[in-house]
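Tertiary structure, described
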Amino acid sequence: MFIQPWDAALDDAEWQTWIADGHDFGLLSVNGLPGQAPLVVPTHFAVDGTELLIHLARPNPVWETIEADPNVTFTVTGDYAFIPGPWRAKPDVPPTEGVPTSYYAAVQFTCRATIVDDPEAKAELLRRQMAHFQPAYGRMLPGIRGLRLDVTEVRAKFKYDDHKPVEQRTAIARRLAERGQGQDAPTAKQQIRRLDRIGPWKP
């Protein structure tokens, strides 16, 4: 994931707060076996200290690849919107010459995966994960396997044109609110939040 300096998380607390604010669904990416494409699994997760907790169905094809190579990536994205070119045009150029872009937040975890099969350890993993989602749940331990993803690196990106003038960023947030499609509202909220914290961009 390419991150421009103005798109980087301001600190660890920013991405940690963003994850804790209901962004608990992502993509687990594992290396494919030789000659095969990587496998990508959409799934919920829970944060447990420096680990991500996941459980998947036992027939899931990722297990063989994780056993062969436990190095995985887990990616969470959200608060995204398409920004038309005219909204981003500089004041001294025609609106039609503005360059369109996408706004979004993304947190990418590089992890080393550990498969959890021991019944007691698996029950404990489920207890910790499900405490986030559904404290009272039915147990079906034989049908699943657990994953503990030990996070070794975090790369966070908040792409909201922080290098643009304050007036332009404010106008784009207003236009997003007015358009009101898809994730326009949370995208505008993120842009205003970053604007309040950063103000004018200082390289």
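What counts and what doesn't
- Residues numbered from 1 in each chain as written.
- Predicted model: local features only at pLDDT ≥ 70, side-chain atom pairs only at ≥ 80, totals over all residues.
- Heavy atoms only, no water.
- 1 Å grid on protein atoms, 1.4 Å probe; cavity = no way out; pocket = protein on both sides within 12 Å on 5 of 7 lines; lining within 4 Å.
- Points joined across faces, edges and corners; volume = space filled by probe spheres on them.
- Helix = DSSP H or I, 4+ residues; strand = E, 2+ residues; numbered from the N terminus.
- Nonpolar A, V, L, I, M, F, W, Y, C, P; charged D, E, K, R; others polar.
- Polar contact = N/O pair within 3.5 Å; in protein donor to acceptor, adjacent residues only side chain to side chain.
- Contact = heavy atoms within 4.5 Å.
- Buried < 20%, exposed > 50% of the residue type's maximum accessible area, 1.4 Å probe, protein only.
- Phe/Tyr/Trp six-rings, centres within 6.5 Å; stacked < 30°, edge-to-face > 60°.
- Lys NZ or Arg CZ within 6 Å of the ring centre and 35° of its normal.

**Notes on the layout of surface pockets**
Taken as a whole, the largest pocket spans an internal volume of roughly 260 Å³. Ile-19, Ala-46, Val-47, Asp-48 and Leu-52 are the residues nearest the centre of the largest pocket, which is lined by 20 residues in total. Among the secondary structure elements, those contributing two or more residues to the lining of the largest pocket are helix 1 (12-20), strand 3 (46-48), strand 4 (51-57), helix 4 (119-133) and strand 7 (144-159). Among the elements that line the lining of the largest pocket, the one with the most residues is helix 1, at four residues. Considered class by class, the residues forming the lining of the largest pocket number eleven nonpolar, five polar and four charged. Counted as a void, the second largest pocket has a volume near 210 Å³.

**Things to note about the side chain of Thr-101**
When you line up the elements, Thr-101 lands in strand 6 (residues 101-116). Separated by 2.3 Å, the side chains of Thr-101 and Lys-159 make a polar contact. With near-sequence residues (within four places) excluded, Thr-101 lies in contact with Ala-81, Phe-82, Ile-83, Arg-88 and Lys-159.

**Re unusual backbone geometry**
Phi is positive for Asp-79, which is not a glycine, with a value near 45°. Among the secondary structure elements, Asp-79 is positioned in strand 5 (residues 71-83). Positive phi values are uncommon outside glycine, yet Asp-161 reaches one of about 60°. Checked against the element boundaries, Asp-161 lands in the loop between strand 7 and helix 5 (166-179). The buried category is assigned to Asp-161, whose relative accessible area is 4%.

**What about the packing of aromatic side chains?**
Counted by the stated rule, this structure contains five aromatic pairs. On the numbers, 6.1 Å between centres and 85° between planes, the contact of Trp-18 with Phe-158 is edge-to-face. Within this pair, whereas Trp-18 is found in helix 1, its partner Phe-158 is found in strand 7, the two being separated by 140 residues in sequence. The exposure classification of Trp-18 matches that of Phe-158, with both residues buried. Judged by centre distance (4.9 Å) and plane angle (65°), the rings of Phe-45 and Phe-74 are edge-to-face. Placement of Phe-45 in the loop between strand 2 (39-44) and strand 3 and of Phe-74 in strand 5 is noted, with a sequence separation of 29 residues between them. Given the relative accessible area of 0%, Phe-74 is considered buried. Stacked on the ring of Trp-63, the Lys or Arg Arg-145 has its end atom at 4.9 Å from the ring centre. One cation-aromatic arrangement involves Arg-193 over Phe-158; the distance from NZ or CZ to the ring centre is 5.5 Å.

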